[in-house]
Structures are given as C-alpha cells and as structure tokens.
Amino acid sequence: MQSFEYRKAYSLQEALEAASASKEASAFLAGGTDLLVQIREGRKQPRYLIDVKGIQEADGLILSGDDLSIGALASIRTLETSPSVLEKVPLLAQAAARLGSVQIRHRATIGGNLCNASPSADMAPALLALEAQAEICGKTGRRVIDLDKFFVGPGATGLGDGEILTRLKIPLSRKRHGAEYYKLSTRKAMDLAFVGVAVFLELDGGDRISKARIALGAVSPTPVRVPSAEKRLEGEVLSLEAARESGELAAQSCKPISDLRASAKYRREMVRELCLQSLLAAYSQAKCSTEGKIE
Ligand SMILES: Cc1cc2nc3c(=O)[nH]c(=O)nc-3n(C[C@H](O)[C@H](O)[C@H](O)COP(=O)(O)OP(=O)(O)OC[C@H]3O[C@@H](n4cnc5c(N)ncnc54)[C@H](O)[C@@H]3O)c2cc1C
C-alpha cells in the first residue's frame, strides 16, 4: 500500500485549511471503506489523508420543523437503526440495511457513500426519491444544492477542490405517503447492486397520487431520477396499467451497461419489474398511512 501522511481534523475549519494547504494531493477520510480499498489497489494515490470523522458540525441527526438534517458523517448503521429515521423516513433505513454487512455499516458513512459516487451507491436512489439537498462547505463559504445535481459521472461529483459534503437535508411529508427500495445483487449480502429502484409516492386527500418520485441506481453513469416515469403517475389512482407503463418509461430512459454482475438487457428488464413491484408496494403503504404529524 502506498504510504501517505495522516492528519486528523477536529473542526470543519481545520479540515478546510488542511485541504487548501495540500491542494489536490489530499483526500478526506471518513469511514475509509471505499477510500482505503482504492488506495490499497493503487486506484487512488493521495499524499495526505485528512480524517474528518471527528467533525461535530458534519455529524448527527437533527429533526426540526419540516425536515430531517443528517450529518454526512452519520454511519449507515445509525441510519438503519435510528428511531427518527425509522419513523420519519423509513425508506432511508431500508436502503441502509441493504448496504454491505453490519461491520461495514458501522464504519461506512452516508457522505462517503455519496462522495465516492459509484453509480450503484445504495443510499443514492433513496435520497434522490426523498428529494434530499446537499450542504457543501469550502474555503469560500457554504452552498446547498439539490442532490440530483450532485452526481456528474461515475466516481465524479460536483464537489470543488477542497470542498466537504457536510449535511443532507430531507423534507418530511405531511401527506399520506409510502416508499420502497428494491435492490438486486449477485449475492444476497456484501455485494453492490446491479439494479436499485427507490420509489416515493404521496397521495392527495383521496387515493390519487399527488407526487411520485422514482430513482434508479446502477443502470446509468450516475444514480438518476426518472421524470417521465414519475409524470405518468401524477394525478392517477394507481392501476396495474399505470404502474406497468411507468416501469416501462423508467426502463426505456436508463442507460445500463453489461459487466460481470449483469447484462444491460437483464438490468433494463429488472428496472421494469422492480419499478412495478415497488410502485404497488409503496402505493398500498400510502393508502394505509395516516397524514404525517411533524414534531
Ligand atoms: C466489503 C464491502 C462491502 C460494501 N458493500 C456496499 C454495498 O452493498 N452498497 C454500497 O453502496 N456500498 C458498499 N460498499 C462501499 C462503501 O462501504 C460505501 O460506499 C460507504 O458508504 C463509503 O463510506 P465511507 O465513510 O467508508 O467513505 P470513505 O471510504 O471514507 O470515502 C469515500 C470517498 O468519499 C470522500 N469523502 C468521504 N466523506 C466525504 C465528505 N464528507 N466530503 C467530501 N468527500 C468525502 C473520500 O475522500 C473518498 O473519496 C462496500 C464496501 C466494502 C469494503
């Protein structure tokens, strides 16, 4: 393994200063479950590692007003088990429970999962379907962007040099809603998705869908939302036909590749099927749900 200089940052300011001093030769270290593997395999060769795990401002969960704010350093295990997440945004807990193993989930962070920008990152489709926003801090200040603008290519994000992802903000729904994440992987555990589908549905006062959000992982160069498939459902009482057509639109709009995990053709077919199944499951949850009370 190539050697590197290790530095622990205890505040955001310290991390930003260290990154600015070392320019592009540095990398932020959170849980290290992606980065250390990449360094060992020679895929990344940073000269300086800036350990950000101790930065309080970028950690913890804050439930306030109409949203849940999640620190980028929150572990995947925290998201899987937190009572606030399980109650307010169970979709996120569901996705977290499908990532790696319990040991990995204790180390891995939500920020690391997004910043590594793998097309198959498990947390991305759920966060896109929940319309999360990303708070980013750099030497020149703080900015907030919609998460669907964050991913720019495989392994590439919109983070500028020395910028840190600090928090994710998820708006909470007051309406009746349901959500589902389905993942297919070659093995049942400890394996990356070859298809991931996250769906979030909100109902109007009756049984019509007032908002549909569908996001896909592992079938395009980045995790993506599928506006055409979402629009097909809005204003509808969900029928099997509408769910099938929406799944078809999602399958047509994605750009899967063939690799050792699955062929492009199979991935596309599974997008169609998983969209159908997740829409039916999310809709039946939404119909059984009561209006959200936000404390
Ligand atoms: C055995 C094993 C199984 C796995 N299974 C899965 C799986 O099923 N699903 C899945 O999605 N992933 C899986 N992974 C990948 C990995 O565990 C996750 O992507 C994890 O969430 C990465 O988080 P981390 O904190 O370890 O990131 P790190 O490795 O510390 O960092 C990843 C990248 O993000 C950057 N970074 C980290 N935090 C920040 C920040 N706050 N701001 C700016 N840049 C930052 C780092 O510089 C680095 O480039 C697996 C990994 C292993 C080793």
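Look a little higher up for the structure.
Criteria and cut-off values
Residues numbered from 1 in each chain as written. Predicted model: local features only at pLDDT ≥ 70, side-chain atom pairs only at ≥ 80, totals over all residues. Heavy atoms only, no water. Helix = DSSP H or I, 4+ residues; strand = E, 2+ residues; numbered from the N terminus. Contact = heavy atoms within 4.5 Å. Polar contact = N/O pair within 3.5 Å; in protein donor to acceptor, adjacent residues only side chain to side chain. Pairing = 2+ DSSP bridges. Axes fitted to C-alpha atoms, helices over the stretch in contact; angles between N-to-C directions. Phe/Tyr/Trp six-rings, centres within 6.5 Å; stacked < 30°, edge-to-face > 60°. Buried < 20%, exposed > 50% of the residue type's maximum accessible area, 1.4 Å probe, protein only.

Novice: Lay out the environment of D204 with the relevant residues and their values.
Specialist: Structurally, D204 can be placed in the loop between β12 (195-203) and β13 (209-217). For the pair D204 and Y10, spaced 194 residues apart in sequence, the C-alpha separation works out to 46 Å. When near neighbours in sequence (up to four residues on either side) are disregarded, D204 contacts R176 and S210. One polar contact links the side chain of D204 to the main-chain amide nitrogen of G206, over a distance of 2.7 Å.

Novice: A description of the sheet that holds β12 should follow, citing residues and the corresponding values.
Specialist: If you trace the 4 strands from one edge of the open sheet to the other, you get β11-β12-β13-β14, paired in antiparallel fashion. At either margin of the open sheet sits one strand with a lone partner, and together these are β11 (177-184) and β14 (224-225). Across 2 bridges, β13 lies against β14 in antiparallel orientation. Its bridge partner being in β14, L216 is matched across the sheet by V224. Sitting on the sheet, helix α5 (residues 90-97) touches β11 and β12, and the angle it makes with β11 is about 10°.

Novice: I'd like to hear about the packing of aromatic side chains, residue by residue, with values.
Specialist: Throughout the structure, instances matching the rule amount to 2 aromatic pairs. Ring geometry for F150 against F151: centres 5.4 Å apart, planes inclined by 85°, an arrangement best described as edge-to-face. The exposure class of F150 is buried, given its relative accessible area of 0%. The class for F151 is buried, based on a relative accessible area of 8%. Taking 5.8 Å as the distance between ring centres and 40° as the angle between the ring planes, the aromatic pair formed by F194 and Y266 counts as tilted. Note that F194 is positioned in the loop between β11 and β12 and Y266 in helix α11 (residues 264-288), a separation of 72 residues in sequence. Residue F194 is classed as buried on the basis of its relative accessible area of 7%.

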